[in-house]
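One-letter residues, chain by chain:
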Amino acid sequence: MIPGETPQMCHKELNGTSYDDILFQRVIIEEMGELLPAKLLAECDLSLAESILEIGSGAGEWLRAVAHMYPHLQCIGIDQDARMVKAANVLAQRDHLGQVAFLAQELDEILPTLFPQGSFDLVHLSLLGRYILTANYPALAQACAALCRPGGILCWTEAELPITNSSACERLISLICEALQRAGQSFISNGMWQIAELFGSRSGIVATSHSTYTRRHLGITMMLGSWLRDAGCGALLETHPHTFWGWDTHVIYQVAYVIEVSAGQPAYEAFVRQTLHWSQRVKPLLLRTEVIGETEHGALCDLLVEELARQDFCGLFPIVRAWAPCL
């Protein structure tokens, strides 16, 4: 929010776009305390860079903040949500950021035909967990790595589902995990399932199967390093004598953030507003996968409103940022 701006002014300028989405993006940036880690900026000096790309830019809070800090940079943001892209362009024009542009684009169509290979000094993938059923993350990482200049940085900032003391929030999260599992979304490879089944048959222990597996988290943050390595990112270390099976390894830098969203904390209000919207956005998925009925969903949302408003509500919102140079 620029100096002197009020939420009411922002609502008016955005022509009905949800201010809650924008506020939540802003709070995440503020609570993380940095636009990018100092170690990353030491490797990729943006004062000497020419252009950056953000995938999953939403309403452009992060990219506009970078553009204010480095006004010489050409900045492009991409998001699947055309409504948020429109809002991002309105805000960029309002801030007189002529070097910033936002495009509505399906994530799986970010191919070399969209931008020439090696176009950007930094490519930032931002909070793409919301597209977990529509995005091919490994392919996206490879496409983004190809867009980095040699020595450029591929950075991925991703969040897990929150941890709270609200029974309704925890129930909603468990239903989302179950719905994702029923929808066929899992980061467990077929090879892992085969090993589990083979182990179970030989040991006499009931094996974990697709149908009995209980998912407890989104699971996306643990995959970031693997996807960046598979995309060819990271400096290659010489084989260490103690490395398992003599495998070489690409170094992927990672840093974790934990945002407290408990009652009374700076991020609380934005978290509550976003969570209540989120409970409605996931409703079609929950009903389609039949993990809950409409009446029960309504009752759960009513309880969620009550519990989030309690003074003793506590919660944490975990975020991981992974980055590496593209060779």
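Residues numbered from 1 in each chain as written. Predicted model: local features only at pLDDT ≥ 70, side-chain atom pairs only at ≥ 80, totals over all residues. Heavy atoms only, no water.

Draft legend 1. Looking closely at the overall build of the protein. What the protein contains, in helices and strands, is 12 helices and 10 strands. Here the protein, with 327 residues, has 49% of them falling under the buried criterion. A separation threshold of at least 6 residues defines the contact pool for the protein, and within that pool the share at least 24 residues apart is 78%. Here the protein has roughly 16200 Å² of accessible surface; of this, 57% comes from carbon and sulfur atoms. (Helix = DSSP H or I, 4+ residues; strand = E, 2+ residues; numbered from the N terminus. Buried < 20%, exposed > 50% of the residue type's maximum accessible area, 1.4 Å probe, protein only. Contact = heavy atoms within 4.5 Å. Areas by Shrake-Rupley, 256 points an atom, 1.4 Å probe, with all protein chains shown as cover.)

Draft legend 2. Spatial organisation of the confidence of the model for the protein. In the predicted model, the protein carries a mean pLDDT of 86, and 82% of its residues have values of at least 70. Every residue in residues 1–9 scores below 50 in pLDDT, and together they form 12 contacts with partners more than four places removed in sequence or on other chains. (pLDDT = per-residue confidence, 0-100.)

Draft legend 3. A nonpolar patch on the surface, seen in detail. A surface patch of nonpolar side chains, amounting to about 280 Å² of accessible area, comprises Ile-163, Val-258 and Leu-316. Position of Leu-316 among the secondary structure elements: in strand β10 (residues 315–325). (Patch = residues over 30% accessible without salt bridge, like charges linked within 9 Å, V, L, I, M, F, W, Y side chains within 5 Å. Salt bridge = Lys/Arg side-chain N within 4 Å of Asp/Glu carboxyl O.)

Draft legend 4. The packing of helix α10 (residues 268–281) against helix α12 (residues 294–308), seen in detail. Here α10 crosses α12 at 175°, and the two axes come no closer than 11 Å. When the axes of α10 and α12 are compared, the pair comes out roughly antiparallel. For the pair α10 and α12, contact is made by Tyr-268, Phe-271, Val-272, Thr-275, Leu-276, Ser-279 and Gln-280 and by His-297, Cys-301, Leu-304, Val-305 and Leu-308, respectively. Tallied by class, the residues present in the contact of α10 with α12 amount to eight nonpolar, four polar and no charged. (Axes fitted to C-alpha atoms, helices over the stretch in contact; angles between N-to-C directions. Parallel < 35°, antiparallel > 145°, perpendicular 65-115°, else oblique. Nonpolar A, V, L, I, M, F, W, Y, C, P; charged D, E, K, R; others polar.)

Draft legend 5. Quick peek at the packing of aromatic side chains. As enumerated under the stated definition, the model contains eight aromatic pairs in all. Centroid distance Tyr-137 to Trp-156: 5.9 Å. Interplanar angle 55°. Geometry classified as tilted. A residue pair is termed long-range when its members are at least 10 positions apart, and Tyr-137 in helix α6 (residues 137–147) and Trp-156 in strand β5 (residues 148–159) qualify at 19 residues. Assessed through its relative accessible area of 0%, Trp-156 is described here as buried. Taken together, the ring pairs in this structure connect Tyr-137, Trp-156 and Trp-227 into an aromatic cluster. (Phe/Tyr/Trp six-rings, centres within 6.5 Å; stacked < 30°, edge-to-face > 60°.)

Draft legend 6. The nonpolar core, seen in detail. Grouped together as the largest cluster of nonpolar side chains are 71 residues, with contacts concentrated most on Ile-55, Val-123 and Leu-154. For this core, the leading source of residues is helix α7 (residues 167–182), giving nine residues. One finds Leu-35, Leu-63, Ala-92 and Ile-153 within the second-largest nonpolar core, a separate group that totals 25 residues. (Core = buried A, V, L, I, M, F, W, Y, C linked by side-chain atoms within 4.5 Å.)

Draft legend 7. Region of the structure containing the packing of α7 against α12. It is the contact of α7 with α12, at a shortest axis distance of 8 Å, that shows an interaxial angle of 135°. One way to sum up the angle between α7 and α12 is to call them oblique. Between α7, through Ser-167, Ala-168, Cys-169, Arg-171, Leu-172 and Leu-175, and α12, the contact on the second element is made entirely by Glu-296, Leu-300, Leu-303, Leu-304 and Glu-307. In the contact of α7 with α12, the residues fall into seven nonpolar, one polar and three charged.

Draft legend 8. Representation of unusual backbone geometry within the structure. Unusually for a residue other than glycine, His-96 sits at a positive phi of about 60°. Note on placement: His-96 falls in the loop between α5 (82–94) and β3 (100–104). Of note in this structure, Glu-290 is not a glycine but carries a positive phi near 60°. The topology assignment puts Glu-290 in the loop between α11 (283–288) and α12. On the basis of relative accessibility, which here comes to 64%, the residue Glu-290 falls in the exposed class.

Draft legend 9. Representation of the pattern of salt bridges. Taken as a whole and assessed by the stated rule, the structure comprises 16 salt bridges. Taking the shortest distance from any N to any O, the salt bridge between Arg-149 and Asp-121 comes out at 2.6 Å. Residue Arg-149 is found in strand β5, and its partner Asp-121 is found in strand β4 (residues 120–126); the two are separated by 28 residues along the sequence. Here Arg-149 falls in the partly exposed class, since its relative accessible area comes to 22%. Through salt bridges with shared partners, a single ionic network connects Arg-26, Glu-61, Arg-64, Arg-94 and Asp-95.

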